[in-house]
Amino acid sequence: MQKLVAALTASGGTRVEKGSLGEMRARAWLVLQDLKHEEIPQSPETMPATLKARGGKRPDFKMWIDESGPVYYLDAKFHDTQKLTTFHMGADELRQYEIYREWLKDEGIDNGPRQLCFMLYPHELSGTEFLLVELDALLNAEQVIWKNKPARKLLISRDTGAWVKQHEILGAEEEGPRDAKPSLGGPV
């Protein structure tokens, strides 16, 4: 049923519906993996004035694998990936995430290692898997025009990157250990 809802949303859902589906998937995965995390409030009323003045954009979640490790800021994306070959993001949106990362540092929030990553849920997989993509990987990707605007295009493949199964949520036959933690160490 969840795969059907995801497939229908991918084919005809609005941008907001697609975003909500990605966030729902990410939230469920974080909970089921028992990873320490917080949701980052997204309402206009909760936007810090200093971040708003800069034009930054907040990711969806903040997560820690362990107390001594880096803090990960995660933003769920439910996108078309042209048959699992590319991930596009507009230059304006990428700049908003860069501003957020700069704002964290300037405000002294979570001193120490910080990583901003996207949990890319390809439409083509109907939410059954996601690919972790670091912000820096997209910032260093090929510059293109996408949807008539400047963007970055990152080549992706089933053979590379940090693909993570959403299997606990879907109840798929191929179950993995519930305590398996994602590999978030290196760039995609």
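In case you missed it, the structure is sitting above this.
Since we're looking at a predicted model, the values are computed, not measured. (Residues numbered from 1 in each chain as written. Predicted model: local features only at pLDDT ≥ 70, side-chain atom pairs only at ≥ 80, totals over all residues. Heavy atoms only, no water.)

### Here's the deal with the overall build of the protein chain
- When its secondary structure is counted, the protein chain shows six helices and nine strands.
- Counting only residues that meet the buried cut, the protein chain has 45% of its 188 residues in that class.
- When the accessible area of the protein chain is evaluated, it comes to approximately 10000 Å², of which 51% is carbon and sulfur surface. (Helix = DSSP H or I, 4+ residues; strand = E, 2+ residues; numbered from the N terminus. Buried < 20%, exposed > 50% of the residue type's maximum accessible area, 1.4 Å probe, protein only. Areas by Shrake-Rupley, 256 points an atom, 1.4 Å probe, with all protein chains shown as cover.)

### Considerations on the side chain of Asp 60
- Here Asp 60 shows up in the loop between α3 (49-54) and β2 (61-64).
- If we skip the residues at most four places from it in the chain, Asp 60 touches Glu 23, Glu 38, Glu 39, Ile 40, Gln 42, Leu 74, Asp 75 and Ala 76. (Contact = heavy atoms within 4.5 Å.)

### Quick notes on the sheet that holds strand β3 (residues 71-79)
- On the basis of which strands lie adjacent, the open sheet formed by six strands has the order β1-β2-β3-β5-β6-β9 and mixed pairing. In the strand order of this sheet, the two ends are held by β1 (36-39) and β9 (162-165), each with one partner. Going from strand to strand, the sheet's axes swing by 30° on average, the running direction of each strand aside.
- Two elements, β1 and β2, share four bridges in a ladder whose sense is antiparallel. Its bridge partner lying in β2, Glu 38 is registered against Lys 62. (Pairing = 2+ DSSP bridges. Axes fitted to C-alpha atoms, helices over the stretch in contact; angles between N-to-C directions.)

### Structural notes on the environment of Glu 107
- Following the sequence through the fold, Glu 107 ends up in helix α4 (residues 91-107).
- Between the C-alpha atoms of Glu 107 and Leu 51, which are 56 residues apart in sequence, the distance is 9.6 Å.

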